[in-house]
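Topology and contacts: notes
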Amino acid sequence: MKVGLVLEGGAMRATYTIGVVDVLMENNIKFDGVVGVSAGAVHGASYVSNQHGRNIRYYKKYASDKRFMSGYSFLTTGDLVGKDFCYNKIPWELDVFDNDTFKNSAVDFYAVVTNVETGKAEYIRLTDLRKESEMEYLRASASMPLVSKIVEVDGKKLLDGGMSDSIPLKQFQRMGYEKNVVVATRTDAYRKSEERGTLMKLVYRRYPNFIETMKNRPQMYNRQKEYILSQEKKGNTFFIRPSQELRISRTDTNPEHLEEIYQIGRMDAEAAVPRLKEWL
C-alpha cells in the first residue's frame, strides 16, 4: 500500500505547511510520494531533500527583500515573485537546496501545473531541480495568474497548479496512493466564493479554456474540500488543516507574521502526530 502526502498551496499562507512538514521530518514520518500545488510544491521539494528548517529560514531572511516578492519585482520583471532571486540565487547560492538528496530520494515528487491552453491540470514528476526545465515546472506551479508571466516549458504554457486542481487528493488516489495525508491551508469552514473575474477574462482572452477553468474554480475547490472530509471519515485520508484562521495575506512578507503562521502549523502537526503514527 502506497502512502502519499498532498500539499495545498496558498502563497504565503502556506507558511503553515512549512511548520507541518518540519514536524513530520522531526518525527521521521516518511511517504512513498508527495504532490505539491503552488507554494505547496516549493515546500514539498524541501521535504524530499530532507532539509528541516530550510524554508522558514530563508522565508524570514529574504521574504522582505524587494527581489523576492514585491511590486518592484512585478514592475521590473513582470513577475511578482522574482524568478532569478527565488529560483536561482536562493537555492544555489544563499540557502543551498540539497539537490543530491532530492535526486537520490526514494520518494516520488510531483508538482501540479495548469496548462493555460487546455485549462487542465498536469502532474509533473520532478527528479532533478538542477535541470532548468524541472525548476521551471516548479516555478510554473507557483506562478499566480495576473501577477506572473506565463511560464513556457517544453512547448507548453503554464501557470499556478491551484487554478485547476487545488488539493489533488483524488488524482493521487488514481495514481495508486491508497492512503494519503492531506495538508490544507484553510480551515474546515472555508469555502471559496464566486468571483467576477472581469480582469482575468481581459488578460487571458486568448485562452478561453483557462478562463473557463478559472470560472469553475470555486465549485472545484469546494467539491474537493467535501471530498477530503468524506475520505477522512472513510479512514483512508489523514487531514491536517489549520485549527484557527490564518491571519495572513497571500503576499505578506513580514517575518513576524511568517513565524506566527509557521508556529500554528507546528502546533497543529505536533497535536496530530500521535494519531498520525497510529493511523500509519
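Residues numbered from 1 in each chain as written. Predicted model: local features only at pLDDT ≥ 70, side-chain atom pairs only at ≥ 80, totals over all residues. Heavy atoms only, no water.

Looking at the overall build of the chain
Tallying secondary structure elements over the chain gives 11 helices and 8 strands in all. In terms of overall dimensions, the chain is globule-like: its C-alpha atoms have a radius of gyration of 17 Å, near the 19 Å expected for 280 residues. Structurally, the chain occupies a C-alpha span of about 50 × 40 × 35 Å along its principal axes. In the chain, which comprises 280 residues, the proportion classed as buried is 58%. The long-range fraction of contacts in the chain, counting pairs at least 24 apart against all pairs at least 6 apart in sequence, stands at 74%. Accessible surface computed for the chain: about 12,600 Å², of which carbon and sulfur atoms make up 47%. Side-chain charges of the chain comprise 42 positive and 37 negative groups, with the mean position of each set lying 4 Å from the other. (Helix = DSSP H or I, 4+ residues; strand = E, 2+ residues; numbered from the N terminus. Rg over C-alpha atoms; globule rule 2.2 N^0.38 Å. Buried < 20%, exposed > 50% of the residue type's maximum accessible area, 1.4 Å probe, protein only. Contact = heavy atoms within 4.5 Å. Areas by Shrake-Rupley, 256 points an atom, 1.4 Å probe, with all protein chains shown as cover. Lys, Arg positive; Asp, Glu negative; His and termini not counted. Charge placed at Lys NZ, Arg CZ, Asp CG, Glu CD.)

Thoughts on the pairing of strand S2 (residues 33-37)
Of all 5 residues in S2, 5 are buried, a share of seventy percent or more. Where burial is concerned, the two faces of S2 agree: the one with Gly33, Val35 and Val37 and the one with Val34 and Gly36 are both buried. In this structure, strand S1 (residues 2-7) lies alongside S2, joined through 4 bridges in parallel fashion. Residue Val6 lies in a different strand from S2, and its bridge partner there is Val35. With helix H1 (residues 15-26) bridging S1 and its parallel neighbour S2, the resulting β-α-β unit is right-handed. Pairing geometry for S2 and strand S3 (residues 108-115), over 5 bridges, is parallel. (Pairing = 2+ DSSP bridges. Right-handed = clockwise from strand over helix to strand, strands pointing away.)

Details of the side chain of Asp252
Structurally, the position occupied by Asp252 is in the loop between strand S8 (237-240) and helix H11 (255-279). Here Asp252 occupies a buried position and makes no salt bridge, while the nearest side chain of opposite charge, Arg13, is found at 11 Å. Engagement of the side chain of Asp252 in a polar contact is seen with the side chain of His257, the distance being 2.7 Å. Setting aside residues up to four positions removed in sequence, Asp252 forms contacts with Met12, His257 and Leu258. (Salt bridge = Lys/Arg side-chain N within 4 Å of Asp/Glu carboxyl O. Polar contact = N/O pair within 3.5 Å; in protein donor to acceptor, adjacent residues only side chain to side chain.)

Details of the nonpolar core
Counting residues in each nonpolar core, the largest one holds 66 residues, and the members touching the most others are Leu5, Phe68, Phe109, Leu126, Leu129 and Val181. Per-element tally for this core: the top contributor is H11, with 9 residues. (Core = buried A, V, L, I, M, F, W, Y, C linked by side-chain atoms within 4.5 Å.)

Concerning the packing of aromatic side chains
Scanning the entire structure with this criterion turns up 12 aromatic pairs. Through a chain of ring-to-ring contacts, three or more aromatic side chains come together here, namely Trp92, Phe97, Phe102 and Phe109. Directly above the aromatic system of Trp279 lies the positively charged group of Lys179, at a separation of 4.2 Å from the ring centroid. One residue, Arg186, lies across the ring of Tyr190, its end atom 4.0 Å from the ring centre. (Phe/Tyr/Trp six-rings, centres within 6.5 Å; stacked < 30°, edge-to-face > 60°. Lys NZ or Arg CZ within 6 Å of the ring centre and 35° of its normal.)

Looking at helix H7 (residues 132-141)
With respect to burial, H7 is a largely interior element, 8 of its 10 residues being buried. Buried within H7 we find Glu134, Met135, Glu136, Tyr137, Leu138, Arg139, Ala140 and Ser141.

Details of a nonpolar patch on the surface
There is a patch of nonpolar side chains on the surface, built from Leu146, Leu199, Leu202 and Val203 and spanning about 340 Å² of accessible area. For Leu199, the position within the fold is in helix H9 (residues 198-203). (Patch = residues over 30% accessible without salt bridge, like charges linked within 9 Å, V, L, I, M, F, W, Y side chains within 5 Å.)

Remarks on the pairing of S8
Successive residues of a regular strand alternate their side chains across the two faces of the sheet. What you see with S8 is no split at all: Thr237 and Phe239 on one side and Phe238 and Ile240 on the other are buried throughout. Two strands pair when backbone bridges link them, and strand S7 (residues 177-183) and S8 are joined in this way by 4 bridges, in the parallel orientation. Along S8, the bridge assignment pairs Val181 with Phe238.

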